[in-house]
Amino acid sequence: APAGGFKFADEFPGAAGSLPNPANWAFETGGPGAFGNNETETYVKSAENAYIDGAGHLVLAVTSNGGSFNSARLGSVYTSPQAASTWEASIALANIPGCWPAFWFRGRGQWPGCGECDCMEEFGEGYAAGTIWNSTATASQTGHCPADATDGKFHIYRMVQTYGSIALYCDNVQYAAATSNDLNPWPFDDNGGFYNIINIATNGTGTGGVSPSVSALPNAKMLVDFVHAWRTLRTGR
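What you see is a predicted model, and the numbers here were worked out from it, not measured in a lab.

About the thresholds
Residues numbered from 1 in each chain as written. Predicted model: local features only at pLDDT ≥ 70, side-chain atom pairs only at ≥ 80, totals over all residues. Heavy atoms only, no water. Helix = DSSP H or I, 4+ residues; strand = E, 2+ residues; numbered from the N terminus. Buried < 20%, exposed > 50% of the residue type's maximum accessible area, 1.4 Å probe, protein only. Contact = heavy atoms within 4.5 Å. Phe/Tyr/Trp six-rings, centres within 6.5 Å; stacked < 30°, edge-to-face > 60°. Pairing = 2+ DSSP bridges. Axes fitted to C-alpha atoms, helices over the stretch in contact; angles between N-to-C directions. Polar contact = N/O pair within 3.5 Å; in protein donor to acceptor, adjacent residues only side chain to side chain.

Chemist: Lay out the side chain of N203 in plain terms, naming residues and giving numbers.
Modeler: Looking at the element boundaries, N203 is found in the loop between β17 (194–202) and β18 (221–231). Here N203 falls in the buried class, since its relative accessible area comes to 14%. Other than its neighbours up to four places away in sequence, N203 contacts N38, T40, G98, W100, G209, V210, S211 and P212.

Chemist: Any details on the packing of aromatic side chains? Residues and values, ideally.
Modeler: Scanning the model with the defined rule gives 14 aromatic pairs in all. Measuring from ring centre to ring centre gives 5.6 Å for F8 and W87, while their planes differ by 40 degrees; the resulting arrangement is tilted. On the criterion of sequence distance, the pair formed by F8 in strand β1 (residues 8–10) and W87 in strand β9 (residues 85–93) is long-range, its members being 79 residues apart. Exposure class is identical for F8 and W87. Each is buried.

Chemist: Report on the sheet that holds strand β7 (residues 68–71), specifying residues and quantitative values.
Modeler: Strand order across the open sheet formed by three strands is β3-β7-β6, with mixed pairing between neighbours. A single partner strand is all that each edge strand has here, and the edge strands are β3 (41–43) and β6 (63–65). Across the sheet, the mean angle separating the axes of adjacent strands is 40 degrees when strand polarity is ignored. Relative to β7, β6 is paired through three bridges, and the arrangement is antiparallel. Bridged to N65 within β7 is S68.

Chemist: I'd like to hear about the side chain of T86, residue by residue, with values.
Modeler: If you trace the backbone, T86 turns up in strand β9. You can call T86 buried: its relative accessible area is 4%. At a separation of 2.6 Å, a polar atom in the side chain of T86 contacts the side chain of T232. When neighbours within four sequence positions are excluded, T86 is seen to be in contact with R158, M159, V160, H228, A229, W230 and T232.

Chemist: Break down the environment of N38 for me, citing the residues and quoting the values.
Modeler: Position of N38 among the secondary structure elements: in the loop between β2 (25–27) and β3. In this structure, the C-alpha to C-alpha distance between N38 and N203, residues 165 residues apart in sequence, is 7.3 Å. Those residues in contact with N38 that sit more than four places away from it in its chain are N203, G204 and T205.

Here is the structure:
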């Protein structure tokens, strides 16, 4: 842990098949289409779609529901301090065309004014990317992760926020960054702080309108080994 310890940490202990800790995570439900982007999944609160595997991992899974898809979207109960947060997660992915797993952040408030930072998105095309958006979602800074995100191994994705800047890392290699000079208007210094979202979407703009094959769904899983957050050393004020 960093000096001062973690402000939020979940290593996902618990019995196999149990739901994630409600003190740490809230299910965000609805759909299809409830969250935009032409997505086709329905986000549900179900141990079929978000569960502890008994080996210290959170599993998010896509399942078939009579020709449509169920999935899970979890938001952290914890919100980090404004302009002073570092978040990281160890995540293992499979490459499933039509599935769109993500590890990302929003401020507390109305989107897009609250700001959005997509630390890791994988679009079923064999790579992962990160994107930082301005407060009107009309401009962004993006980059591809340096590691093979779909090799089935765990990789550590990290967002480091300080006043007026955000940097994204995969396995300690920076792959995207932005400052308030790059993205105007800049939403992240006064957005109520970040909370974390982990989810798997299906179809939608991220996958280019590709729908997952039902036969591939047993492998359509996102494994999370841990999620940590701590205060970043503030700069610029």
